[in-house]
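# Architecture at a glance
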Amino acid sequence: QVQLVESGGGLVQAGGSLRLSCAASGSIFSINAMGWYRQAPGKERELVGTLDSGGSTNYADSMKGRFTISRDNAKNTIDLQMNSLKPEDTAGYYCNAYIRAGAWSSFKIYWGQGTQVTVSS
């Protein structure tokens, strides 16, 4: 079984910073892309950014310059550094990863259960 667990959410004032972490564990042979998404109440889940195994990143336009994704391939973790937070960044934040459980397996996408970020004005 593969599990993704996020941590680091919480309450922060507008203009502040927060760092989220996500750790993948379990039966992992290899990980391709990892990423962060978010979902605000009443809205669809949207992309925050992704980072592939080669180090290439892709960010949603509204997060560019404020959010930074990094990963530690040795630890199977991905972090999201969020700066200059705004009330509209309030959402549940979810990490995902494309993981092969074994050399015989195809890549499957796995999701964490999410961590809440609340930005007060």
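Residues numbered from 1 in each chain as written. Predicted model: local features only at pLDDT ≥ 70, side-chain atom pairs only at ≥ 80, totals over all residues. Heavy atoms only, no water.

This part takes up the overall build of the chain. Tallying secondary structure elements over the chain gives zero helices and 11 strands in all. Mapped from its N terminus to its C terminus, the chain presents α and β elements in the order β-β-β-β-β-β-β-β-β-β-β. By its C-alpha atoms, the chain is 50 × 25 × 25 Å across when sized along the principal axes. A total of 121 residues make up the chain; the buried ones form 37% of that total. Considering only contacts in the chain between residues 6 or more positions apart, those separated by 24 or more positions represent 57%. Counting only carbon and sulfur atoms, one obtains 47% of the accessible surface of the chain, whose full area is about 6,500 Å². Separation between the mean location of the 11 positive side-chain charges and that of the 9 negative ones in the chain comes to 3 Å. (Helix = DSSP H or I, 4+ residues; strand = E, 2+ residues; numbered from the N terminus. Buried < 20%, exposed > 50% of the residue type's maximum accessible area, 1.4 Å probe, protein only. Contact = heavy atoms within 4.5 Å. Areas by Shrake-Rupley, 256 points an atom, 1.4 Å probe, with all protein chains shown as cover. Lys, Arg positive; Asp, Glu negative; His and termini not counted. Charge placed at Lys NZ, Arg CZ, Asp CG, Glu CD.)

Attention shifts here to the packing of aromatic side chains. In this structure the tally under the stated criterion is one aromatic pair. Centroid distance Y37 to W111: 5.2 Å. Interplanar angle 65°. Geometry classified as edge-to-face. Of this pair, Y37 sits in strand β4 (residues 30-39) while W111 sits in strand β10 (residues 108-111), and the two are 74 residues apart along the sequence. Taking the relative accessible area as the measure of exposure, W111 reaches 35% and is therefore partly exposed. Above the ring of Y94, the side-chain terminus of R45 is found at 3.8 Å from the ring centroid. A cation sits over an aromatic face here: R45 above W111, 4.8 Å from the ring centre. (Phe/Tyr/Trp six-rings, centres within 6.5 Å; stacked < 30°, edge-to-face > 60°. Lys NZ or Arg CZ within 6 Å of the ring centre and 35° of its normal.)

Across five bridges, β4 lies against strand β5 (residues 46-51) in antiparallel orientation. In the strand pairing of β5, M34 is matched with L51. Here β4 hands over to β5 after six residues, with G42 in that stretch at a positive phi of 80°. Where β5 and strand β6 (residues 57-59) come together, three bridges link them in antiparallel fashion. Looking at the pairing, T50 lines up with N58 of β6. Counting the residues that bridge the hairpin from β5 to β6 gives five residues, and of these G55 lies at a positive phi of roughly 100°. (Pairing = 2+ DSSP bridges.)

Another point: a nonpolar patch on the surface. Taken together, the side chains of Y98, F107, I109 and W111 make up a nonpolar region of the molecular surface, amounting to roughly 370 Å² of accessible area. Considering the arrangement of structural elements, one finds I109 in strand β10. A relative accessible area of 38% means that I109 is categorised as partly exposed. (Patch = residues over 30% accessible without salt bridge, like charges linked within 9 Å, V, L, I, M, F, W, Y side chains within 5 Å. Salt bridge = Lys/Arg side-chain N within 4 Å of Asp/Glu carboxyl O.)

Below, the discussion takes up the nonpolar core. Ranked by internal contacts, the top residues of the largest apolar core, which has 28 residues, are L4, W36, F67, L80, M82 and Y93. Of all the elements in the fold, those that place two or more residues in this core are β1 (2-7), β3 (18-26), β4, β5, β7 (67-72), β8 (77-82), β9 (91-100) and β11 (115-120). Apart from the residues within four sequence positions on either side, M82 is in contact with G16, S17, L18, L20, R66, F67, Y93 and V117. (Core = buried A, V, L, I, M, F, W, Y, C linked by side-chain atoms within 4.5 Å.)

As far as function goes, none of this settles anything; it's purely spatial.
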